[in-house]
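Commentary on secondary and tertiary structure
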Amino acid sequence: MQDKPLSEVIYFKIDRTMRMIKQYSLEQFKAHEVNLTIDQWIVFKRIADQDGVSLKKVADTTYKDPASVTRLVDVLVKKEMIVKVMDEVDRRRYNLHLTAMGKQEYQRLVPFIQELRRKGIEDLSKEEVSQLAGLLDRIYEKVLV
């Protein structure tokens, strides 16, 4: 059995595509004066999606390790975008909330982020996007087992 050239390996193509998307997104963040990194946005968005979410839940649902999420949360706290509130039941746990400034910034960024997301898939039909999402989910699930 002969090995494929790297340029034909599907995982390489996925990685290459994600790297390009991240690079393009970072350039657009800078151009539009978004004071966040891509990873900060992901954590910020997750907190915006579920106000009061725990740090562990953010880590689990963003597929990032807890130490990285802790660092990202600390940066967002310093930027006054979120606050950590001690859980009333479990004092070892913190719940994360957007601040008023965070809510305002989130509302400002959503249209920009939505347009950024559309950029790479604008030439794909709805069916192709749905099929791609399904295929990526299948690959993910297969790797999990």
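The preceding data block contains the structure.
Parameters and conventions
- As a convention, each chain's residues are numbered from 1 in the sequence order in which they are written.
- A pLDDT threshold of at least 70 governs which residues receive local features in this predicted model, and a stricter bar of 80 or more applies before side-chain atom pairs are shown or counted, although totals over entire chains, interfaces and linings include all residues.
- Each side-chain value is worked out from all heavy atoms of the structure, with water and hydrogens disregarded.
- Two rings from Phe, Tyr or Trp (for Trp, the six-membered ring) form a pair when their centres sit within 6.5 Å of each other. Planes less than 30 degrees apart are called stacked, planes more than 60 degrees apart edge-to-face, and all others tilted.
- The helix count covers DSSP runs of H or I at least four residues long, the strand count covers runs of E at least two residues long, and both are numbered beginning at the N terminus.
- Burial classes: relative accessible area under 20% of the type maximum marks a residue as buried, over 50% as exposed, and values in between as partly exposed (1.4 Å probe, protein chains only).
- Comment: the charge-over-ring label is applied if NZ (Lys) or CZ (Arg) is within 6 Å of the ring centre and within 35 degrees of the ring normal.
- Paired strands are those between which DSSP finds at least two bridges.
- In this analysis, axes come from line fits to C-alpha atoms, helices being fitted only over the stretch in contact, and the angle between any two N-to-C directions falls in the range 0 to 180 degrees.
- Handedness of a crossing is defined here by the sense of rotation of the near helix relative to the far one, left-handed for an anticlockwise turn of less than a right angle and right-handed for a clockwise turn.
- Residues are treated as being in contact if the distance between any of their heavy atoms lies within 4.5 Å.
- Residues were grouped as follows: Ala, Val, Leu, Ile, Met, Phe, Trp, Tyr, Cys and Pro as nonpolar; Asp, Glu, Lys and Arg as charged; and all remaining residues, including Gly, as polar.
- The salt bridge definition used is simple: a Lys or Arg side-chain nitrogen within 4 Å of an Asp or Glu carboxyl oxygen.

Per the counting criterion, the structure on display carries five aromatic pairs. Pairing Tyr63 with Tyr140 gives two aromatic rings, centres 5.8 Å apart and planes at 65°, and the pair type is edge-to-face. Of this pair, Tyr63 sits in the loop between helix H3 (55-62) and helix H4 (66-78) while Tyr140 sits in helix H6 (residues 126-144), placing them 77 residues apart in sequence. A relative accessible area of 63% means that Tyr63 is categorised as exposed. Through a chain of ring-to-ring contacts, the aromatic side chains of Trp41, Phe44 and Tyr106 assemble into a single cluster. The residue whose ring lies beneath Lys84 is Tyr94, and the NZ or CZ to ring-centre distance is 5.2 Å.

Turning to the sheet that holds strand S2 (residues 82-86), a few remarks are in order. Overall, antiparallel pairing links the three strands, which are arranged S1-S3-S2 in an open sheet. Where the open sheet ends on each side, the last strands, each with one partner, are strand S1 (53-54) and S2. Sheet analysis places S2 next to strand S3 (residues 94-98), joined by five bridges and oriented antiparallel. By the bridge assignment for S3, Val85 is matched with Asn95.

Attention now moves to the packing of helix H2 (residues 38-49) against helix H5 (residues 100-121). Contact geometry for H2 and H5: axes closest at 11 Å, N-to-C directions at 115°. In the packing of H2 onto H5, the handedness of the crossing is left-handed. Of H5, the residues touching H2 (which contributes Trp41, Phe44, Lys45, Ala48 and Asp49) are Gly102, Tyr106, Leu109, Ile113 and Arg117. In terms of residue class, the contact of H2 with H5 is made up of six nonpolar, one polar and three charged.

What follows deals with the pattern of salt bridges. Counting across every chain of the model gives 10 salt bridges. A salt bridge links Lys56 to Asp60; the shortest N-O distance between them is 2.9 Å. Pair noted here: Lys56 and Asp60 are both in helix H3, with a separation of four residues, about one helical turn. In this structure, the salt-bridge partner of Lys84 is Asp74, at a minimum N-O distance of 3.5 Å. Pair noted here: Lys84 is in strand S2 and Asp74 is in helix H4, with a separation of 10 residues, a long-range link. Judged by relative accessible area, which is 37%, Lys84 ranks as partly exposed.

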